[in-house]
Amino acid sequence: MALPEDISVIDVDILIIGGGTAGPMAAVAAKEQNPDAEVMLLEKANVKRSGAISMGMDGLNNAVVPGHSTPENYVKEITIANDGIVLQKGVMAYAQRSFEMIQKLDSWGVYFQKDETGEYDMKKVHHLGTYVLPMPEGHNIKKILYRRLRRHRVTVENRYQAVRLLKDKSGAVCGCIALSTRDAKVIVIRAKAVIMCTGAAGRIGLPASGYLFGTYENPANCGDGHSMAYHVGAELTGLECYQINPLLKDYNGPACAYVTGPLGGYTANAKGDRFIECDYWSGQMMMEFYNELQGGNGPVFLKLDHLAEETIQEIEHVLHTNERPSRGRFHDGRGTDYRTKMVEMHISEIGFCAGHSASGVWINEKGETTVPGLYGAGDMASIPHSYMLGAFVYGQICGENATEFARNRELPELDEAFILRERERILAPLKRSDGIPPNQFEYKVRRLVNDYLQPPKITKKMDIGLARLHAMEADIPYLYARDPHELLRANEAQHILDCAKMAAFASLYRQESRWGLYHNYVDHPQTDNDNWFCHVQLFKDEQNRMSCRKMAIEPYVVELDEQEKSAYQQLRVKRAG
Amino acid sequence: MPTASQITMVPVVIDEEKCIADKGCRTCIDVCPLDVLWINENTGKAHMKYDECWYCMPCEADCPTNAVTVNIPYLLS
Ligand SMILES: Cc1cc2nc3c(=O)[nH]c(=O)nc-3n(C[C@H](O)[C@H](O)[C@H](O)COP(=O)(O)OP(=O)(O)OC[C@H]3O[C@@H](n4cnc5c(N)ncnc54)[C@H](O)[C@@H]3O)c2cc1C
Ligand code: SF4
Ligand code: SF4
């Protein structure tokens, strides 16, 4: 069978899906590895301003800098913060290349804060070690990445949403089907290796404000990659270990305790008292945050009103110009001045994000998923707490390894029947003349997530939630889009539904509590190391059913002593007397 | 299908006097990560077509004529 003429097929060696943070680095690394390789970067938005760092970044949250820490200590800290459920080799691979990446970015013109002696001005925010490096002038990072893409002649395709991955007969990934968000054209990109860098699944839960796009994550990151990986047969891991972030209430952006903490700000309860020892995000920290919110001492606030005028000006300069610059406007609208008022905080809706938490598409220390030819980096892949620098490092690791994989591969054969079926499916909402609008469908999924899947997790509730989400599959043939933009949203909404089901399914599978609030399972309140000291892998089985399995944790490369293991269990401030 | 047409106030406002979309500018439309800014067919100027804004501000920062103002969406403000 041949493909009809109106489906264009573009052939490349390496396809990178998602041009936010990890994606551009992966593309540059692939070109550095093999300048002759044809490398395409496919982006749903525009690589100039896409992803989590679209306006810049306030700092590196996990910089392993000689003299301040070692890769071994970093691996320890991340292992403890994740209650032991980590692929240490994967964290180590990051830690060992962390400093080299900072130097590379520095040489490209990214400005990191330095002290009087010209050394990186590291700050302590984590519970044990020192890993935060401020970037008060971090707003030009996308420009710098873009310049590199051009210099290396990476082919950029903006405004295409990847919708499904393709596999050849051998079972290796060989490209993707993508949808143009402006004119609803379906194209096929055939590739010898694919790197997914589609970011977090940040649109699963509904923000408390009710505004669908008022999410913590960039809402373009809606779990497309998670869903695509699932459908192509890759394993996902730790999906029960949700991402839940502390944030500015309603604004839903970060309160940035990492910026304010080293300058003397802290998270306080309604009385203005500290209640957590450490502002570094972990499930345990979030549990304390949640308890304070729900208990008589809430709400929770960011407290800066005790700081000196010049410190406050410094904080305002960073927080109101860089990462989320509309923050100043939000405060002005409510008359919130850091000098006189504590700033109300809250917790986010749930999501999947390895950047801040640990959930995502399983990758090993080479960036390989469980499907040959498919790689993953950044917030969508499973290396925990990887943040921006982790996205860069794993982008680079994937770029190198995918290029070598592609070098030895013949041009793969396409499954034309599958492509034609998928095109029908993807375009179907546009062909109808009435039906369910994508925004209502999406709202309903996300409302069900909040009602039934948010912690505290309860079996009966999650069963109801999962059943109702399954019932919504029957609505898919009625999704109705009036234009290409609504078609984009209709396809996103289906991926959001997949992610919601995966969140419920994985949570029901792990019958214990772990990671503080992230997997606070009321029916199984204890951590059960005898039965659950393992990864939970989620995948599509041979009958196309969602399944989970336990996977043993690989032997540690850095051992922990007993005392260290419980360090993150003691985050509540001890009261005197 | 029976439908309702509800009114929604969108957060991003474009000053049509200042907007030079008629001279070919598409900057804000190009950079928006949510693809919610489009040309208004009636005026030929940029406008916010979909109420799906992350209030992230590239549109305002990159506009060559300072025509764009990003407000905080009413539901959050
Ligand atoms: C508000 C905020 C503040 C943060 N602050 C810090 C900080 O101070 N320090 C720090 O170290 N880290 C911080 N982080 C985390 C850090 O920014 C992320 O971990 C990192 O940028 C993730 O990179 P990524 O490449 O995985 O995702 P992104 O950079 O978000 O890129 C994902 C890209 O994929 C595209 N995409 C999604 N789906 C598709 C599809 N189907 N087809 C094509 N393209 C697609 C998206 O449009 C997007 O451009 C912050 C994150 C957020 C959201
Ligand atoms: S960037 Fe400014 S001038 Fe250009 S189209 Fe947008 S509003 Fe108009
Ligand atoms: S603020 Fe961001 S999401 Fe909103 S219109 Fe501007 S660029 Fe688009």
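Before going into details, it helps to say that this report is about the structure given with it. Small disclaimer: the values here were computed from a predicted structure and weren't measured.

Residue and element names in this part refer to chain A. Axis separation between helix α13 (residues 459–472) and helix α14 (residues 484–509) bottoms out at 10 Å; the angle between their running directions is 150°. Regarding the angle of α13 to α14, the classification is roughly antiparallel. Like other packed secondary-structure pairs, α13 and α14 cross with a definite hand, here left-handed. Along its contact with α13, which presents Thr 459, Met 462, Asp 463, Leu 466, Leu 469, His 470 and Met 472, the element α14 presents Leu 497, Ala 500, Lys 501, Ala 504, Phe 505, Ser 507 and Leu 508. For the contact of α13 with α14, the class distribution of residues is 9 nonpolar, 3 polar and 2 charged.

This paragraph deals with the interface of chain A and chain B. Taken together, the contact pairs 35 residues of chain A with 30 residues of chain B. Between chain A and chain B, the buried area comes to about 2900 Å², and carbon and sulfur atoms account for 56% of it. Contact with chain B buries surface across chain A, with Arg 49, Tyr 211 and Arg 329 of chain A losing the most and accounting together for 23% of the total. Close ionic contact of Arg 49 of chain A with Asp 62 of chain B constitutes a salt bridge, the shortest N to O distance being 2.7 Å.

Taken together, 15 residues lie near ligand 3, and Cys 32, Cys 53, Cys 56, Met 57 and Cys 59 of chain B sit nearest. Looking at the shell around ligand 3 residue by residue, the class counts come to 15 nonpolar, no polar and no charged.

With that settled, consider helix α3 (residues 88–108) of chain A. Residue and element names in this part refer to chain A. Its 21 residues give α3 an end-to-end C-alpha distance of 30 Å, which sits within 8% of 30 Å, the value for a rise of 1.5 Å per residue. A bend of about 40° at Ser 98 is the largest found in α3. At the C-terminal side of α3, Gly 109 shows a positive phi close to 105°.

Residues and elements named next belong to chain A. Looking at ligand 1, there are 36 residues lining it, with Thr 21, Glu 43, Gly 59, Asp 224 and Asp 379 nearest. Taking Asp 379, its side chain carries an N or O atom lying 2.6 Å from an oxygen atom of ligand 1. A distance of 3.5 Å separates an oxygen atom of ligand 1 from a polar atom in the backbone of Tyr 387. Across the complex, the protein chains shield 98% of the 1000 Å² of accessible surface that ligand 1 would expose by itself. Elements with a contribution of two residues or more to the shell around ligand 1: β2 (39–43), β6 (160–167) and α10 (387–407). Its residues assigned to classes, the shell around ligand 1 comprises 15 nonpolar, 13 polar and 8 charged.

Right, let's get into the pairing of strand β7 (residues 173–180) of chain A. Residues and elements named next belong to chain A. In terms of burial, β7 is a largely internal element, 8 of the 8 residues being buried. Two strands pair when backbone bridges link them, and β6 and β7 are joined in this way by 7 bridges, in the antiparallel orientation. Across the sheet, the residue bridging to Leu 166 is Gly 175, located in β7. Connecting the antiparallel pair β6 and β7 is a turn made up of 5 residues, with Gly 171 showing a positive phi of about 95°. As paired elements, β7 and strand β8 (residues 186–196) share 5 bridges and run antiparallel to each other. Bridging from a neighbouring strand, Gly 175 pairs with Arg 190 of β8. A loop of 5 residues connects β7 with β8, the two strands running antiparallel in sequence, and Ala 184 in this loop sits at a positive phi of about 55°.

Residues and elements named next belong to chain A. Pairing is antiparallel in the open sheet, where 4 strands are placed in the order β10-β13-β12-β11. Whereas interior strands pair on both sides, the edge strands pair on one side only; in this sheet they are β10 (246–248) and β11 (266–268). Pairwise comparison of adjacent strand axes, ignoring direction, gives a mean angle of 40° for this sheet. Pairing analysis gives 3 bridges linking β11 to strand β12 (residues 300–303), with the strands arranged antiparallel. If you follow Ala 268 over to β12, its bridge partner there is Phe 301. Against the sheet, helix α7 (residues 283–294) contacts β10, β11, β12 and β13 (343–347), and its axis sits at roughly 115° relative to β13.

What follows covers the sheet that holds strand β14 (residues 360–361) of chain A. Residue and element names in this part refer to chain A. Strand order in this open sheet of 4 strands is β14-β9-β16-β17, and the pairing throughout is antiparallel. The strands lining the two open edges of the sheet, one partner per strand, are β14 and β17 (546–551). Relative to β14, strand β9 (residues 236–237) is paired through 2 bridges, and the arrangement is antiparallel. Across the sheet, residue Thr 237 finds its bridge partner in β14, namely Gly 360. Contacting β9, β16 (535–540) and β17, α14 runs over the sheet at an angle of about 45° to β17.

We now examine the pairing of β13 of chain A. Residues and elements named next belong to chain A. Of the two faces of β13, only one is covered, namely that formed by Val 343, Met 345 and Ile 347; the face formed by Glu 344 and His 346 stays uncovered. As paired elements, β10 and β13 share 3 bridges and run antiparallel to each other. Opposite Pro 246, over in β13, you have Ile 347 as the bridge partner. Sheet topology places β12 next to β13; 3 bridges connect them, and they run antiparallel. Bridge assignment links Phe 301 to a residue of β13, and that residue is Glu 344.

With that settled, consider the environment of Val 173 of chain A. Residues and elements named next belong to chain A. You can see Val 173 is positioned in strand β7. For Val 173, a relative accessible area of 0% corresponds to the buried category. For the pair Val 173 and Arg 409, spaced 236 residues apart in sequence, the C-alpha separation works out to 11 Å. Among all residues touching Val 173, those that are not within four sequence positions of it are Leu 166, Lys 167, Ala 191, Lys 192, Val 194, Val 232, Val 371, Pro 372, Gly 373, Leu 374 and Arg 409.

Calculation notes
- Residues numbered from 1 in each chain as written.
- Chains lettered and ligands numbered in written order.
- Predicted model: local features only at pLDDT ≥ 70, side-chain atom pairs only at ≥ 80, totals over all residues.
- Heavy atoms only, no water.
- Axes fitted to C-alpha atoms, helices over the stretch in contact; angles between N-to-C directions.
- Helix = DSSP H or I, 4+ residues; strand = E, 2+ residues; numbered from the N terminus.
- Parallel < 35°, antiparallel > 145°, perpendicular 65-115°, else oblique.
- Left-handed = near helix turned anticlockwise from the far one by under 90°.
- Contact = heavy atoms within 4.5 Å.
- Nonpolar A, V, L, I, M, F, W, Y, C, P; charged D, E, K, R; others polar.
- Buried area = accessible area lost by both parts, 1.4 Å probe.
- Salt bridge = Lys/Arg side-chain N within 4 Å of Asp/Glu carboxyl O.
- Near = heavy atom within 4 Å.
- Expected span 1.5 Å × (residues − 1).
- Bend = angle between axes of the 7 residues up to and from the residue.
- Polar contact = N/O pair within 3.5 Å; in protein donor to acceptor, adjacent residues only side chain to side chain.
- Areas by Shrake-Rupley, 256 points an atom, 1.4 Å probe, with all protein chains shown as cover.
- Buried < 20%, exposed > 50% of the residue type's maximum accessible area, 1.4 Å probe, protein only.
- Pairing = 2+ DSSP bridges.

Note that every value here comes from positions in space, so none of it alone points to a role or purpose.
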